[in-house]
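A structural walkthrough
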Amino acid sequence: MSESEGGAGLAPVSEARFDSVAADYEKHVAPLFRVPAADLIELAALQPGEKVLDVATGPGVAALLAAPKAGPTGSIVGVDLSEAMLTIARQKADKEGLAVEFVRGDVEALDFPEQSFDVVLSNCGLGTTEHEKSLPSIRRMIKPGGRFALTHWGPTSRPAQAFYDLMRKRRVAEASPRLDWLRRTDLTARPWPTQCTTPEALAALLTEHGFQDVRASVREYTFTFADAEAYLDVSLSFPLARA
């Protein structure tokens, strides 16, 4: 997974597709993103009193972790296209007693006054956006001297292609719907955009869009699943998995 401070990708994913997987995403995927999100918060070096925007927040993993860092004098806003994801995020904020605002919005056309935030975060949230739109939109939100910190899928993300290949080739008398879907679906991770397969390429893309003093690095995370069914639960909880 690439981390950066300042990511022809996937086709845009509709709000309805994110809404359709929100509950499963919260159950199976969000827990995997907690450690990368915690590392992202440390990378961003949030300070008390800062105004923070978490774009493509989903169920609010990074935004909720950022709230204690900004403290009562700061503010955290999470933005996402999916109202179903935001509903889950609001419920968690209420349960944890955190003053985080979650609003519906499009990262490619953020609807806040320019230079409103000290820090913008994105925890693996930009892979389904068009970078020609999302990066300028994000940059407009950042105050002079502010920061943009993001995590992004790296070149070895989802290194389970052999698993998918095996499942596609497996022969059974009657394939289950999940197995049949696997045979017909390509889940190989796609970089955003296609040339961003190294930290250097990601840094170059950010620099091209006007971000300064860009630093990028690779950090590896290991996710362990109880069995193949558990892995499928995660795979099927991504919006890209449900056409």
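Quick summary incoming for the structure in this document. Keep in mind that what you see is a predicted model, and the values were worked out from it rather than measured.

1. Description of the side chain of Ser116
In this fold, Ser116 is placed in the loop between strand S4 (100–104) and strand S5 (117–123). Assessed through its relative accessible area of 12%, Ser116 is described here as buried. Excluding its chain neighbours within four sequence positions, the residues that come into contact with Ser116 are Lys51, Met141 and Lys143.

2. Re helix H2 (residues 34–44)
Spacing of three or four residues puts side chains on the same side of an α-helix, whose turn is 3.6 residues. Within the span of H2, buried status applies to Pro36, Ala37, Leu40, Ile41 and Ala44. Angularly, the buried residues of H2 cover 145° about the axis, an arc narrow enough to put them on a single face. Projecting away from the buried face of H2 at angles above 90 degrees are the exposed residues Val35 and Glu42. Among the structural elements, helix H3 (61–70), S5 and strand S6 (142–152) are those in contact with the buried residues of H2. Looking one or two places after H2, you find Ala45, whose phi comes out positive at around 50°.

3. Things to note about the pairing of S5
For S5, the buried fraction is high: seven of the seven residues fall into the buried class. In this sheet, S5 lies alongside strand S2 (residues 51–55) in parallel orientation, the contact comprising three bridges. Bridging from a neighbouring strand, Asp54 pairs with Leu121 of S5. Here S5 runs beside S6; their pairing, made up of six bridges, is parallel. The partner of Asn123 across the bridge, within S6, is Thr151. Read as a crossover between parallel neighbours, the route from S5 over helix H5 (residues 131–141) to S6 is right-handed.

4. Observations concerning the side chain of Thr151
Turning to its location among the elements, Thr151 is positioned in strand S6. Here Asn123 takes part through its side chain, which lies 2.7 Å from a polar atom of the side chain of Thr151.

5. Overview of the packing of helix H1 (residues 15–29) against helix H4 (residues 83–96)
Here H1 crosses H4 at 35°, and the two axes come no closer than 7 Å. The segment H1 lies against H4, with Glu15, Phe18, Asp19, Val21, Ala22, Ala23, Tyr25 and Glu26 engaging Glu83, Ala84, Met85, Ile88 and Lys92. Here the contact of H1 with H4 is composed, by residue class, of eight nonpolar, no polar and five charged.

6. Some details on unusual backbone geometry
Even without a glycine there, the phi angle at Ala56 is positive, about 55°. Tracing the sequence through the fold places Ala56 in the loop between S2 and H3. The exposure class assigned to Ala56 is partly exposed, which follows from its relative accessible area of 22%. A positive phi angle is found at Gln115, which is not glycine, with a value near 55°. Structurally, Gln115 can be placed in the loop between S4 and S5.

7. Some points on the packing of aromatic side chains
Under the criterion given, the structure shown has three aromatic pairs. Ring geometry for Tyr25 versus Phe33: centroids 6.4 Å apart, planes at 55°, classification tilted. The same class applies to Tyr25 and to Phe33, which are both buried. Taking the centre distance of 5.4 Å and the plane angle of 90° together, the rings of Phe112 and Phe117 count as edge-to-face. Looking at Lys51, its charged tip hangs above the ring of Phe117, at a distance of 5.7 Å from the centre.

Cut-offs applied
Residues numbered from 1 in each chain as written. Predicted model: local features only at pLDDT ≥ 70, side-chain atom pairs only at ≥ 80, totals over all residues. Heavy atoms only, no water. Helix = DSSP H or I, 4+ residues; strand = E, 2+ residues; numbered from the N terminus. Buried < 20%, exposed > 50% of the residue type's maximum accessible area, 1.4 Å probe, protein only. Contact = heavy atoms within 4.5 Å. Arc of directions from axis to C-beta. Pairing = 2+ DSSP bridges. Right-handed = clockwise from strand over helix to strand, strands pointing away. Polar contact = N/O pair within 3.5 Å; in protein donor to acceptor, adjacent residues only side chain to side chain. Axes fitted to C-alpha atoms, helices over the stretch in contact; angles between N-to-C directions. Nonpolar A, V, L, I, M, F, W, Y, C, P; charged D, E, K, R; others polar. Phe/Tyr/Trp six-rings, centres within 6.5 Å; stacked < 30°, edge-to-face > 60°. Lys NZ or Arg CZ within 6 Å of the ring centre and 35° of its normal.

As far as function goes, none of this settles anything; it's purely spatial.
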